[in-house]
Amino acid sequence: MESLVLPACAAIAALRQAGMAKFTSHMAQALAEARAAAGRGEVPVGAVILSPQGRVVAAAGNRTRELSDPTAHAEILALRAACAKAGTERLPGHVLWVTLEPCPMCAAAIAAARIATLFYGADDPRMGGVAHGARVFDHPQCHHRPQIYDGIGAQAAQRLLRDFFAARR
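I will try to describe carefully the structure that is included in this document. (Residues numbered from 1 in each chain as written. Predicted model: local features only at pLDDT ≥ 70, side-chain atom pairs only at ≥ 80, totals over all residues. Heavy atoms only, no water.)

### Structural notes on unusual backbone geometry
Then step 1. Positioned with a positive phi, Ser68 is a non-glycine residue whose angle comes to about 50°.
Then step 2. Relative to the elements of secondary structure, Ser68 occurs in the loop between helix H3 (64-67) and helix H4 (74-86).
Then step 3. Assessed through its relative accessible area of 66%, Ser68 is described here as exposed.
Then step 4. Although it is not a glycine, Arg135 sits at a positive phi angle of roughly 45°.
Then step 5. Along the chain, the position of Arg135 falls in the loop between strand E5 (117-122) and strand E6 (147-150).
Then step 6. With a relative accessible area of 25%, Arg135 lands in the partly exposed category. (Helix = DSSP H or I, 4+ residues; strand = E, 2+ residues; numbered from the N terminus. Buried < 20%, exposed > 50% of the residue type's maximum accessible area, 1.4 Å probe, protein only.)

### Quick notes on the pairing of strand E2 (residues 46-50)
Then step 1. Most of E2 is tucked away: five of the five residues are buried.
Then step 2. Residues Gly46, Val48 and Leu50 point to one face of E2 and Ala47 and Ile49 to the other, with burial holding for every one of them.
Then step 3. Direction of pairing for E2 relative to strand E3 (residues 56-61): antiparallel, over a ladder of five bridges. Paired with Val48 across the strands is Ala59, a residue of E3.
Then step 4. The loop that links E2 with its antiparallel partner E3 comprises five residues; one of these, Gly54, has a positive phi angle of about 90°.
Then step 5. Alignment of E2 against strand E4 (residues 95-100), held across four bridges, turns out to be antiparallel. The residue bridging Val48 from the neighbouring strand is Trp97, located in E4. (Pairing = 2+ DSSP bridges.)

### Brief notes about the pattern of salt bridges
Then step 1. This structure, assessed with the given rule, holds four salt bridges.
Then step 2. Close ionic contact of Glu66 with Arg40 constitutes a salt bridge, the shortest N to O distance being 3.4 Å. Taken together, the residues span a long stretch of sequence, with Glu66 in helix H3 and Arg40 in the loop between helix H2 (27-39) and E2 at a distance of 26 residues.
Then step 3. Look at Arg40 and you get partly exposed, because its relative accessible area is 31%.
Then step 4. With a shortest N-O distance of 2.5 Å, Glu66 and Arg63 are connected by a salt bridge.
Then step 5. With relative accessibility at 45%, the residue Glu66 sits in the partly exposed group.
Then step 6. Overlapping salt bridges bring together Arg40, Arg63 and Glu66 as one network. (Salt bridge = Lys/Arg side-chain N within 4 Å of Asp/Glu carboxyl O.)

### Things to note about the packing of aromatic side chains
Then step 1. Evaluated as defined, the whole model comprises three aromatic pairs.
Then step 2. Ring centres of Phe119 and Tyr149 lie 5.3 Å apart, and the angle between their planes is 25°; on these two criteria the pair is classed as stacked. Linking Phe119 in strand E5 with Tyr149 in strand E6, this pair joins segments that are 30 residues apart in sequence.
Then step 3. When its relative accessible area of 4% is taken as the criterion, Phe119 is described as buried.
Then step 4. Ring plane angle 85° and centroid distance 5.1 Å describe the contact between Phe164 and Phe165, whose orientation is recorded as edge-to-face.
Then step 5. With relative accessibility at 32%, the residue Phe165 sits in the partly exposed group.
Then step 6. An aromatic cluster is present here, built from Trp97, Phe119 and Tyr149 joined pairwise through their rings. (Phe/Tyr/Trp six-rings, centres within 6.5 Å; stacked < 30°, edge-to-face > 60°.)

### A closer look at the state of the cysteines
Then step 1. Using the criterion set out here, one finds zero disulfides in the structure.
Then step 2. Free of any disulfide, Cys106 has its nearest neighbouring cysteine sulfur in Cys103, separated by 3.7 Å. (Disulfide = S-S within 2.5 Å.)

Here it is, written out as structure tokens:
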């Protein structure tokens, strides 16, 4: 099956076609969440969720160690916060920005939440679940497929991850 992942430049064109004159990246805020996670000793991944009106409704960084919870990935924490704020388990029309390609668990949660658009920075060939590995959104069993754009802020996200793991070796 052909991948659904589109390069970031396609995102800008798609948003302009949809009537949005200006493309605003929220990767800087996601990267700030990732840096905060690194400061806590967590793998530096950050996520930001926007409402359909373009307002930030949730932001989070990884907290798996802090919470002793293997599911406390940035995307999961942001989804939980956004759903709690909305008072529903579904977030149609919402946009998720994340610094690293979501893992299969997070990709499944993104589908379950009905996120409309996913932007991610760095590819994750080893543990990714979108363009690599399980390719969750490409499975026929996947009940919702967001628009997906990769590569925004990829170099900064890769550098943050590389520096984090180099310091631990």
